[in-house]
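Structure at a glance
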Amino acid sequence: MIRSGGENVYAAEIEDVLYRLEGVKEVSIIGVPDPKYIEAVCAVIVRKDGCILTEEEVINHCKKYLASYKKPRKVIFTEKLPRTPSGKVQKFMLREQYSS
């Protein structure tokens, strides 16, 4: 759960919306520190091979399906997500890497 501007934002809800977007292979939603909102929603996305996807496209897609406070304020594209041996995404590693 991410606390953004006094609201609770559930990562799974945003991830479900983003998996419907063409070009998204994998996605993980994390909270990153924000001076105004305490935490801001950040989407870390692995694109499908050969797909061109922009931050603007991701945010516009979220605007269609989510309340404004739930849409990502930051979108990061990466080659792969860090995982445990059992396959679970290590969100703490993403927070450490992208919190600055």
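Everything below is about the structure shown above.
These remarks concern the structure in this document. (Residues numbered from 1 in each chain as written. Predicted model: local features only at pLDDT ≥ 70, side-chain atom pairs only at ≥ 80, totals over all residues. Heavy atoms only, no water.)

Okay, helix α2 (residues 55-65) next. Among all positions in α2, only Val58, Ile59, His61 and Cys62 are buried. In a view along the axis of α2, the buried residues occupy a sector of 160°, so they form one face of it. Residues Glu56, Lys63 and Lys64 are exposed on α2 and point more than 90 degrees away from its buried face. Looking at the packing, one finds that the buried side of α2 touches α1 (11-19), β4 (38-47) and β5 (74-78). (Buried < 20%, exposed > 50% of the residue type's maximum accessible area, 1.4 Å probe, protein only. Helix = DSSP H or I, 4+ residues; strand = E, 2+ residues; numbered from the N terminus. Arc of directions from axis to C-beta. Contact = heavy atoms within 4.5 Å.)

In this section: the pattern of salt bridges. Enumeration over the complete set of coordinates arrives at 3 salt bridges. Ionic pairing is found between lysine 91 and glutamate 15, a salt bridge with its closest N-O pair at 2.9 Å. Here lysine 91 is found in helix α3 (residues 91-98), whereas its partner glutamate 15 is found in helix α1, with 76 residues between them in sequence. Taking the shortest distance from any N to any O, the salt bridge between arginine 83 and glutamate 26 comes out at 2.2 Å. Highlighted residues: arginine 83 in the loop between β5 and α3 and glutamate 26 in strand β3 (residues 24-34), separated in sequence by 57 residues. (Salt bridge = Lys/Arg side-chain N within 4 Å of Asp/Glu carboxyl O.)

By the criterion of burial, β4 is predominantly enclosed, with 7 of the 10 residues buried. Bridging between β3 and β4 involves 10 bridges; their strand directions are antiparallel. Its bridge partner lying in β4, aspartate 34 is registered against isoleucine 38. Here β3 folds back onto β4, and the loop between the two strands holds 3 residues. As paired strands, β4 and β5 are joined by 5 bridges and run parallel to one another. Its bridge partner lying in β5, isoleucine 45 is registered against phenylalanine 77. Viewed along the sheet, the connection from β4 through α2 into β5 turns out right-handed. (Pairing = 2+ DSSP bridges. Right-handed = clockwise from strand over helix to strand, strands pointing away.)

Let us look at the side chain of lysine 70. With respect to the helices, strands and loops of the structure, lysine 70 is situated in the loop between α2 and β5. Within the structure, lysine 70 has its side chain in polar contact with the side chain of glutamate 13 (distance 2.9 Å). For lysine 70, the residues in contact, after removing those within four places along its chain, are Val9, Glu13, Ile14 and Val41. (Polar contact = N/O pair within 3.5 Å; in protein donor to acceptor, adjacent residues only side chain to side chain.)

With that out of the way, let us pick up the nonpolar core. Nonpolar side chains in soluble globular proteins tend to end up buried together. Core analysis: the biggest nonpolar cluster contains 19 residues, and Ile14, Leu18, Ile29, Ile45 and Val58 have the highest contact counts within it. At the level of secondary structure, the elements contributing two or more residues to this core comprise α1, β3, β4 and α2. In this view, isoleucine 14 contacts Val9, Ile29, Val41, Leu66 and Lys70; residues no more than four positions away in its chain are not counted. One finds Val32, Val89, Leu94 and Tyr98 within the second-largest nonpolar core, a separate group that totals 11 residues. (Core = buried A, V, L, I, M, F, W, Y, C linked by side-chain atoms within 4.5 Å.)

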